[in-house]
Protein chains: 2
Amino acid sequence: MIGPEIDRLIQLLAKLPGLGPRSARRAALHLIKKRDSLMEPLAEAMAAAAAGIRTCSVCGNLDTGDPCHVCRDGERPGGRDRTTLCVVEEVGDLWALERTGAYRGLYHVLGGTLSALEGVGPDDLNVPKLLERASRPEVTEVILALNATVGGQTTAHYLADRLEGCEVRISRLAHGVPVGGELDYLDDGTLTAALRARRSL
Amino acid sequence: MIGPEIDRLIQLLAKLPGLGPRSARRAALHLIKKRDSLMEPLAEAMAAAAAGIRTCSVCGNLDTGDPCHVCRDGERPGGRDRTTLCVVEEVGDLWALERTGAYRGLYHVLGGTLSALEGVGPDDLNVPKLLERASRPEVTEVILALNATVGGQTTAHYLADRLEGCEVRISRLAHGVPVGGELDYLDDGTLTAALRARRSL
């Protein structure tokens, strides 16, 4: 006999990735005990995000406001580098690249990969917009930062073909040994790629 | 360059038990993608719970409304059994017992265990109220459903002493082999307890 409000909270929390029924109950209990310091602020943050977040009409990023923070920063003098577009599959990939702090250009979020099986064609992804952006005179390089999966690599090859008409350098991320990785545990494909792409010291 | 609203959402989600920084990002992305079907309802459920949940003045349970659902059900004819009180440490333990569906009496949530080290005495727990409830004429049994830890068992002994004056049967949960458990993996204490408390078939 758990009250219906608490039960509903647990049901909804259990829909988050990484939380099962048991951890959803733990999370609910934690929230209930920290009503003022956590539950209220989180409820407000969620309500604000739910109301404010939209897809950036320029790059496909998800952010409060359109254009997104990255695109807006590209528009101000001294802001992000407008000559480079980094093409990613999903917003999570954009976040991952932003966390590195190593990239200062703009992004383009495809929203997935081509898939004949699932009926995903170029028009279902954010491809026409990418071709338009890549044709702009200021753009000199397009980095295809797609996942090293079959879908990602197929899409990268397709995009490289389509981008041939635009006068841009097309690049992809390097394959190789992950930093901190041990050779003994690496798969053959990665090790082969790392060996072929070896660099002089 | 992740927007401040999204960043705040991730920070708050990372404070939930079971979610680290990485899974908080995944959860935030999931919420953002399911704005209408998950993020908004969850924000509303949290706001409602934050505003409505209070500690039951009768038993110490956390619920929307005071008295809680369990205590209120005990007050209606044909409702829960008012002759039995089940003493638990925390609200999570009450939830666990409710999930079994095997208990139909009332509860009493202590809010922790006695601890000389941490300076937790009987008056810091919900003990005076328990003694008052146990003295009522309708109460015939008090089940001490405390954890089988040092703190839980110390508290159980203390409560058994204090409850001697009340005319109630005092019981505790059985120790033994967990259902589905294998003897080979059980600790000696549990196995000894299970052997001593063996029952005729």
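Residues numbered from 1 in each chain as written. Chains lettered and ligands numbered in written order. Predicted model: local features only at pLDDT ≥ 70, side-chain atom pairs only at ≥ 80, totals over all residues. Heavy atoms only, no water.

So, the overall build of chain A
1) Next: Tallying secondary structure elements over chain A gives 8 helices and 6 strands in all.
2) Next: Across chain A, helices and strands are ordered from the amino to the carboxyl terminus as α-α-α-β-β-α-β-α-β-α-β-α-β-α.
3) Next: For 201 residues, the compact-globule formula gives about 17 Å, and the C-alpha radius of gyration of chain A, at 21 Å, lies well above that figure.
4) Next: The proportion of buried residues among the 201 residues of chain A is 44%.
5) Next: When contacts within chain A are restricted to residue pairs at least 6 apart in sequence, those whose partners lie at least 24 apart make up 45%.
6) Next: Accessible surface for chain A amounts to roughly 10,900 Å². Of this, 51% is attributable to carbon and sulfur atoms.
7) Next: Separation of charge centres in chain A, based on 24 positive and 27 negative side chains, amounts to 5 Å. (Helix = DSSP H or I, 4+ residues; strand = E, 2+ residues; numbered from the N terminus. Rg over C-alpha atoms; globule rule 2.2 N^0.38 Å. Buried < 20%, exposed > 50% of the residue type's maximum accessible area, 1.4 Å probe, protein only. Contact = heavy atoms within 4.5 Å. Areas by Shrake-Rupley, 256 points an atom, 1.4 Å probe, with all protein chains shown as cover. Lys, Arg positive; Asp, Glu negative; His and termini not counted. Charge placed at Lys NZ, Arg CZ, Asp CG, Glu CD.)

Topic: the packing of aromatic side chains
Residues and elements named next belong to chain A.
1) Next: Tallied over the entire structure, the rule returns 2 aromatic pairs over all chains.
2) Next: The interplanar angle of 65° and the centroid separation of 5.1 Å between the aromatic rings of tyrosine 103 and tyrosine 107 together place this pair among those described as edge-to-face.
3) Next: With a relative accessible area of 13%, tyrosine 103 lands in the buried category. (Phe/Tyr/Trp six-rings, centres within 6.5 Å; stacked < 30°, edge-to-face > 60°.)

Some words on the relation of the copies chain B and chain A
1) Next: Overlaying chain B with chain A gives an RMSD of 0.0 Å, the required rotation being 180° about an axis along which the chain moves by 0.0 Å. Here the copies are linked by what is in effect a two-fold axis. For chain B, the residue whose C-alpha comes nearest the rotation axis is alanine 43 of chain B, separated from it by 2.2 Å.
2) Next: Comparing interface residues between copies, 100% of those in chain B also sit at the interface in chain A, which points to an isologous, same-surface contact. (Least-squares fit on C-alpha atoms with pLDDT ≥ 70 in both.)

Considering the layout of surface pockets
Vacant regions in the atomic arrangement are exposed by a probe of water-molecule size rolled over the atoms.
1) Next: Roughly 490 Å³ of internal volume is contained in the largest pocket.
2) Next: Lining the largest pocket are 20 residues, with Ala148, Leu173, Ala174, His175 and Gly176 of chain A positioned closest to its centre.
3) Next: Of all the secondary-structure elements, those providing two or more residues to the lining of the largest pocket are helix H5 (91-100) and helix H7 (150-162) of chain A.
4) Next: If one sorts the elements of the lining of the largest pocket by residue count, H5 of chain A sits on top with 3 residues.
5) Next: Split into classes, the residues belonging to the lining of the largest pocket amount to 13 nonpolar, 5 polar and 2 charged.
6) Next: Size it by volume and the second largest pocket reaches roughly 420 Å³.
7) Next: Every residue lining the second largest pocket is counted, 20 residues in all, and those nearest its centre are Leu146, Ala148, Leu173, Ala174 and His175 of chain B. (1 Å grid on protein atoms, 1.4 Å probe; cavity = no way out; pocket = protein on both sides within 12 Å on 5 of 7 lines; lining within 4 Å. Points joined across faces, edges and corners; volume = space filled by probe spheres on them. Nonpolar A, V, L, I, M, F, W, Y, C, P; charged D, E, K, R; others polar.)

Re the UniProt feature "zinc finger region: C4-type" (unreviewed entry) in chain A
1) Next: The UniProt record annotates "zinc finger region: C4-type" (unreviewed entry) at residues 56-71 of chain A.
2) Next: When the span residues 56-71 of chain A is considered, its composition is 19% helix and 19% strand, and the gap between its end C-alpha atoms is 8 Å. (UniProt positions renumbered as here; feature names shortened; annotations may be inferred.)

Let's talk about the interface of chain B and chain A
1) Next: Contacts between chain B and chain A engage 52 residues on the former and 52 residues on the latter.
2) Next: Ranking the residues of chain B by area buried against chain A places Met1, Met46 and Trp95 of chain B at the top, with a combined share of 16%.
3) Next: Applying the counting rule to chain B against chain A returns 2 salt bridges.
4) Next: With its nearest N and O atoms 3.4 Å apart, the salt bridge here joins glutamate 90 of chain A to lysine 33 of chain B.
5) Next: Here chain B and chain A share 8 residue pairs in polar contact (both at pLDDT 80 or more) between them. (Buried area = accessible area lost by both parts, 1.4 Å probe. Salt bridge = Lys/Arg side-chain N within 4 Å of Asp/Glu carboxyl O. Polar contact = N/O pair within 3.5 Å; in protein donor to acceptor, adjacent residues only side chain to side chain.)

Section: the domain arrangement of chain A
1) Next: By the assigned domains, chain A splits into domain 1 (8-54) and domain 2 (56-172).
2) Next: In this structure, domain 1 of chain A and domain 2 of chain A have C-alpha centres spaced 32 Å apart. (Domains from an automatic or database assignment.)

Description of the UniProt feature "domain: Toprim" (unreviewed entry) in chain A
1) Next: Mapped onto the present numbering, the UniProt feature "domain: Toprim" (unreviewed entry) falls on residues 83-178 of chain A.
2) Next: End C-alpha atoms of residues 83-178 of chain A are separated by 28 Å, and the span's content is 32% helix alongside 20% strand.

Details of helix H3 (residues 35-52) of chain B
1) Next: Here H3 of chain B spans 24 Å end to end across 18 residues, near enough to the 26 Å set by a 1.5 Å rise per residue.
2) Next: Listed in full, the buried residues belonging to H3 of chain B are Leu38, Met39, Pro41, Leu42, Ala43, Ala45, Met46, Ala49, Ala50 and Gly52 of chain B. (Expected span 1.5 Å × (residues − 1).)

Points about the pairing of strand S3 (residues 81-88) of chain B
All names here are of chain B.
1) Next: Sheet analysis places S3 next to strand S4 (residues 105-109), joined by 5 bridges and oriented parallel. Paired with valine 88 across the strands is valine 109, a residue of S4.
2) Next: Regarding the hand of the β-α-β motif, the stretch spanning S3, helix H5 (residues 91-100) and S4 is right-handed.
3) Next: Relative to strand S5 (residues 141-144), S3 runs parallel, the two being bridged by 4 bridges. Following the sheet pairing, threonine 84 is matched in S5 by glutamate 141. (Pairing = 2+ DSSP bridges. Right-handed = clockwise from strand over helix to strand, strands pointing away.)

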